[in-house]
Amino acid sequence: MVAAPTTQVDSHVETLCINSIRFLAVDAINKSNSGHPGLPMGCAPMAFSLWDKVLRHNPKNPQWFNRDRFVLSAGHGCMLLYALLHLTGYDSVTLEDIKQFRQWGSRTPGHPETFETPGVEVTTGPLGQGISNAVGLAIAEAHLAAKFNKPDATIVDHYTYVLMGDGCNQEGVSSEAASLAGHLGLGKLIALYDDNHITIDGNTGVSFTEDVLKRYEAYGWHVQHVEDGNTDVAAITRAIEAAKAVTDRPSLIKVTTTIGYGSPNKANTAGVHGAALGAEEAELTRQQLEWSYGAFEVPEPAYEHWRQAIQRGAAAEASWNESLAAYRSRYPAEAAEFERMLRGELPEGWDASLPVFTPEDKGLATRQHSYNALNAFGPSLPELIGGSADLTHSNLTDIKGEASFQKGHEANRYLHFGVREHAMAAVLNGIAYHNSGLIPYGGTFLVFAGYMIGAMRLSALSQLGVIYVLTHDSIGLGEDGPTHQPVETLANLRAIPNLLVIRPGDGNETVGAYKVAVTNRKRPTVLALSRQAMVNQANSAADKVAKGGYILNDCSGTPDLILIGTGTELDLCVKAAALLTAEGKAVRVVSMPCVELFEEQDAAYRESVLPAAVRKRVVVEASSSFGWHKYTGFDGASVSIDSFGASAPGGVCLEKFGFTVDNVVATAKALG
């Protein structure tokens with residue numbers, strides 16, 4: 001494997017390269033009159049050190065598999081990244097794109113977005129997410145390396161680098177993720193910490209006085225400090241190389257910098273963090289740094305040096321392609337699986353062993369059906385990797401025979417996230433960002449989506465096929481009480497664009513939910529699963545879940561009434577319909593496991609399931625009524641819960657809050 005060669009550069013050209021980053025950022029932010037110039041100005045030397053001397057990447061193929069990954073966790077400083085992409089020769093960021101920073105339709109949005117700009121590895125913005133995503137990227141690399149590399153053949157061998165700031169280190173999610181990374185000994189994860197002592201509120205001393213290096217050392221990280229991050233590029237490079245030499249632990253390099261370096265009046269102040277310098281201060285900064293070039297002007301020697309990355313990247317990728325060809329020859333079966341995964345293709349027949357249920361089969365909780373499904377298709381889907389946030393035996397997320405991913409045992413694919421729900425979601429995103437075909441999943445109680453929702457929102461925004469196995473989905477979980485009983489959670493999650501929320505009503509629908517989740521690689525899926533058992537319905541089918549909603553039981557002719565149910569409450573609808581039918585009502589029962597998928601069906605299908613002319617409708621779900629009014633309309637009703645729950649046995653809770661057949665019947669009759 002060819003390493004990224006250390007480039008030689010005289011001090012004058014080095015200064016031109018570094019200041020090119022600074023002034024592209026200053027000029028772009030001034031032009032848009034919006035952005036964060038302080039970080040790019042202060043971090044330009046460490047960015048130069050990493051991208052010019054260490055980082056292995058190919059500007060002409062941003063998706064080359066074995067590239068090093070760079071994560072700008074402090075995403076507000078994104079002009080640093082856009083400048084680097086442009087200067088090193090990525091076609092995705094032209095000088096015109098730099099000039100269109102933060103404008104409508106540009107490839108240089110206000111925070112990095114992987115789906116907008118090739119070369120951006122992860123979508124960052126909310127602080128702490130990027131470093132946590134990086135833990136997932138490093139897990140993916142370690143797992144694939146342990147799975148596919150051979151003593152005489154290496155095809156997975158790359159680093160994950162992070163640039164993070166004081167804000168990232170203050171966010172709780174980064175602490176969760178860093179703790180996990182230290183436990184797992186992720187030696188190819190290296191974080192550069194921009195220690196500039198400034199946040200929006202002023203000097204970090206007003207709220208943040210801990211010894212960050214000691215904290216990370218306690219997590220099990222290797223730590224270093226570069227005291228002069230403003231000018232000592234050689235020291236930064238030495239620290240990165242020293243970090244690479246430590247293979248049994250992740251590394252944190254604290255690099256002390258001056259935010260807004262070079263600005264005579266704004267450097268080292270909160271004012272340079274999130275506001276344009278302005279024309280006058282930009283000119284003073286040019287004078288201070290002896291930059292004689294105009295707006296958006298990059299001197300030719302700087303371009304010539306930066307663009308050497310193109311040749312280095314092409315050579316590195318060519319060398320890797322040779323290694324892959326040799327691997328393919330020596331290990332054809334492993335190579336075929338590796339390349340299938342990289343193409344994003346699922347193995348043929350991965351779902352062939354999934355069960356089919358009839359009403360005669362024992363009724364189970366959907367979390368148990370989920371466990372059975374995982375164990376049916378898991379062995380046939382080697383790219384599936386995941387686990388639980390310390391609730392394995394409640395979420396039932398383990399696969400029989402699969403050992404735990406631990407330090408020294410990275411080929412295993414069951415992840416113990418510990419009591420770290422938010423980090424779990426962010427780490428799962430990181431695994432998905434790796435773009436290597438891995439399918440990440442993670443389990444906890446549905447109510448704890450409240451802890452994870454920031455990362456879940458980014459799953460949806462970034463089009464990541466993460467699977468969230470969220471159990472104990474209603475007040476039916478019982479005795480743990482209202483702190484653990486989700487009532488508003490489903491409505492919260494359904495409001496997130498591009499997120500599929502599936503609440504299956506029996507075994508067949510649970511199987512169908514997994515089929516949807518596994519095959520949707522561009523959108524995340526929530527499986528909302530019950531603790532309590534439910535019967536298998538006579539007319540349910542796995543493939544119908546893909547429609548989102550369907551007619552479960554029908555009547556002759558036009559219905560007088562439509563009952564719409566999800567999850568455990570679907571059976572209440574079936575039983576209520578039977579009683580109402582016996583009284584002469586024409587009743588249709590609709591199962592609605594996934595509102596989002598139903599909304600994506602054509603108008604004719606939706607009308608066939610929920611005819612507009614049938615205005616008497618009842619939705620039954622042990623959750624908030626919020627959002628269901630679209631289906632009940634002014635003439636319908638819902639059996640729902642718009643208050644917090646209570647601590648009591650699950651059956652008692654459901655009865656006391658009205659989730660009974662009798663109440664569904666009474667609610668339907670009250671419609672007239």
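Computed from a predicted model, the values in this text were never measured in an experiment.

Novice: Looking at this model, I keep getting lost on the packing of helix H1 (residues 11–32) against helix H2 (residues 38–53). Mind explaining?
Specialist: Any two packed helices are characterised by the angle at which their axes cross and by the distance between the axes. Their axes nearest at 9 Å, the elements H1 and H2 cross at an angle of 130 degrees. One finds that H1 runs oblique with respect to H2. Relative to H2, the crossing made by H1 is right-handed. Judged by residue contacts, Glu 14, Cys 17, Ile 18, Ile 21, Arg 22, Ala 25 and Val 26 of H1 engage Pro 40, Met 41, Ala 44, Pro 45, Ala 47, Phe 48 and Lys 53 from H2. Per-class residue counts for the contact of H1 with H2 are 11 nonpolar, no polar and 3 charged.

Novice: Explain the packing of aromatic side chains here, please?
Specialist: We describe a pair of aromatic rings using the distance from one ring centre to the other and the angle between the two ring planes. Inspection of every chain in the model, using the stated rule, returns 21 aromatic pairs. The side chain of Lys 147 reaches across the aromatic face of Phe 148, ending 5.4 Å from its centre. Across from the ring centre of Tyr 331, 5.3 Å away, lies the NZ or CZ of Lys 150, which sits over that ring.

Novice: Before we go on, may I ask you to explain the sheet that holds strand S20 (residues 637–639) in this structure?
Specialist: Strand pairs in the sheet, formed through backbone hydrogen bonds, run parallel or antiparallel to each other. Spatially, S16-S18-S17-S19-S20 is the arrangement adopted by the 5 strands of the open sheet, whose pairing is mixed. Each edge of the open sheet is held by one strand with a lone partner, namely strand S16 (550–553) and S20. Strand after strand, the sheet turns through a mean of 30 degrees between neighbouring axes, direction not considered. Here strand S19 (residues 617–620) pairs with S20 via 3 bridges, running parallel. Bridge assignment links Val 620 to a residue of S20, and that residue is Val 639.

Novice: Which parts of the structure should I look at to understand the pairing of strand S1 (residues 69–72)?
Specialist: Successive residues of a regular strand alternate their side chains across the two faces of the sheet. Side chains Arg 69 and Val 71 project from S1 onto one buried face, and the interleaved Phe 70 and Leu 72 project onto a second face that is buried too. By the bridge criterion, 4 bridges tie S1 to strand S2 (residues 160–165) in an arrangement that is parallel. From the neighbouring strand, Phe 70 faces S2, where its bridge partner is Tyr 161.

Novice: Could you clarify how one ought to interpret the sheet that holds strand S11 (residues 439–445) in this entry?
Specialist: Spatially, S10-S9-S11-S12-S14-S13 is the arrangement adopted by the 6 strands of the open sheet, whose pairing is parallel. With one partner strand each, in any of the chains shown, strand S10 (414–416) and strand S13 (500–502) form the two edges of the open sheet. Direction aside, neighbouring strands of the sheet carry axes that sit 20 degrees apart on average. Across the face of the sheet, helix H16 (residues 421–433) comes into contact with strand S9 (384–388), S10, S11 and strand S12 (467–471) while running at roughly 170 degrees to S11.

Novice: Please clarify how the layout of surface pockets should be interpreted in this entry.
Specialist: Using a probe with the size of a water molecule, rolled over the atoms, empty space left in the structure can be pinpointed. Of the volumes computed, that of the largest pocket is approximately 520 Å³. If you go around the largest pocket, you meet 30 residues; those closest to its centre are Ala 432, Asn 435, Gln 463, Arg 521 and Lys 522. Elements with a minimum of two residues in the lining of the largest pocket: helix H13 (332–343), H16 and S11. Its residues assigned to classes, the lining of the largest pocket comprises 13 nonpolar, 11 polar and 6 charged.

Novice: Even after reading the chapter, I still don't get the pairing of strand S3 (residues 189–195), so can you show me in this structure?
Specialist: Here S3 lies mainly inside the structure; 7 of its 7 residues are buried. The side-chain alternation of S3 yields two buried faces, one formed by Leu 189, Ala 191, Tyr 193 and Asp 195 and the other by Ile 190, Leu 192 and Asp 194. Across 6 bridges, S2 lies against S3 in parallel orientation. Within S3, the position partnered with Gly 165 by the bridge is Asp 194. Inspection of the sheet shows S3 paired to strand S7 (residues 251–256) by 6 bridges, in the parallel sense. The residue of S7 that forms the bridge with Asp 195 is Thr 256.

Novice: Before we go on, may I ask you to explain empty space enclosed by the protein in this structure?
Specialist: Tallied over the entire structure, the rule returns 4 cavities of 30 Å³ or more. A volume near 70 Å³ is recorded for the largest cavity. Around the largest cavity, the lining residues are Trp 51, Leu 55, His 57, Pro 62, Arg 67, Asp 68, Phe 70, Leu 81, Leu 85, Tyr 90, Gly 119 and Glu 121. Within the lining of the largest cavity, the residues separate by chemical class into 7 nonpolar, 2 polar and 3 charged.

Novice: Quick question: what am I supposed to make of the UniProt feature "domain: Transketolase-like pyrimidine-binding" (unreviewed entry) in the protein here?
Specialist: Per the UniProt annotation, the sites labelled "domain: Transketolase-like pyrimidine-binding" (unreviewed entry) are residues 364–537. Helix makes up 35% of residues 364–537 and strand makes up 18%, while its end C-alpha atoms are separated by 12 Å.

Novice: Sorry, what's going on with the pattern of salt bridges here?
Specialist: Pairing between side chains of opposite charge can happen when their charged atoms approach one another. Under the definition given, this model contains 27 salt bridges. Two residues, Glu 334 and Lys 150, come together in a salt bridge whose shortest N-O distance is 3.3 Å. Note that Glu 334 is positioned in helix H13 and Lys 150 in the loop between helix H5 (129–148) and S2, a separation of 184 residues in sequence. The salt bridge partner of Arg 249 is Asp 248, with a shortest N-O separation of 3.5 Å. A cluster of three or more residues bridged by salt bridges with shared partners is formed by Glu 141, Asp 157 and Lys 188.

The rules behind each value
- Residues numbered from 1 in each chain as written.
- Predicted model: local features only at pLDDT ≥ 70, side-chain atom pairs only at ≥ 80, totals over all residues.
- Heavy atoms only, no water.
- Axes fitted to C-alpha atoms, helices over the stretch in contact; angles between N-to-C directions.
- Helix = DSSP H or I, 4+ residues; strand = E, 2+ residues; numbered from the N terminus.
- Parallel < 35°, antiparallel > 145°, perpendicular 65-115°, else oblique.
- Left-handed = near helix turned anticlockwise from the far one by under 90°.
- Contact = heavy atoms within 4.5 Å.
- Nonpolar A, V, L, I, M, F, W, Y, C, P; charged D, E, K, R; others polar.
- Phe/Tyr/Trp six-rings, centres within 6.5 Å; stacked < 30°, edge-to-face > 60°.
- Lys NZ or Arg CZ within 6 Å of the ring centre and 35° of its normal.
- Pairing = 2+ DSSP bridges.
- Buried < 20%, exposed > 50% of the residue type's maximum accessible area, 1.4 Å probe, protein only.
- 1 Å grid on protein atoms, 1.4 Å probe; cavity = no way out; pocket = protein on both sides within 12 Å on 5 of 7 lines; lining within 4 Å.
- Points joined across faces, edges and corners; volume = space filled by probe spheres on them.
- UniProt positions renumbered as here; feature names shortened; annotations may be inferred.
- Salt bridge = Lys/Arg side-chain N within 4 Å of Asp/Glu carboxyl O.

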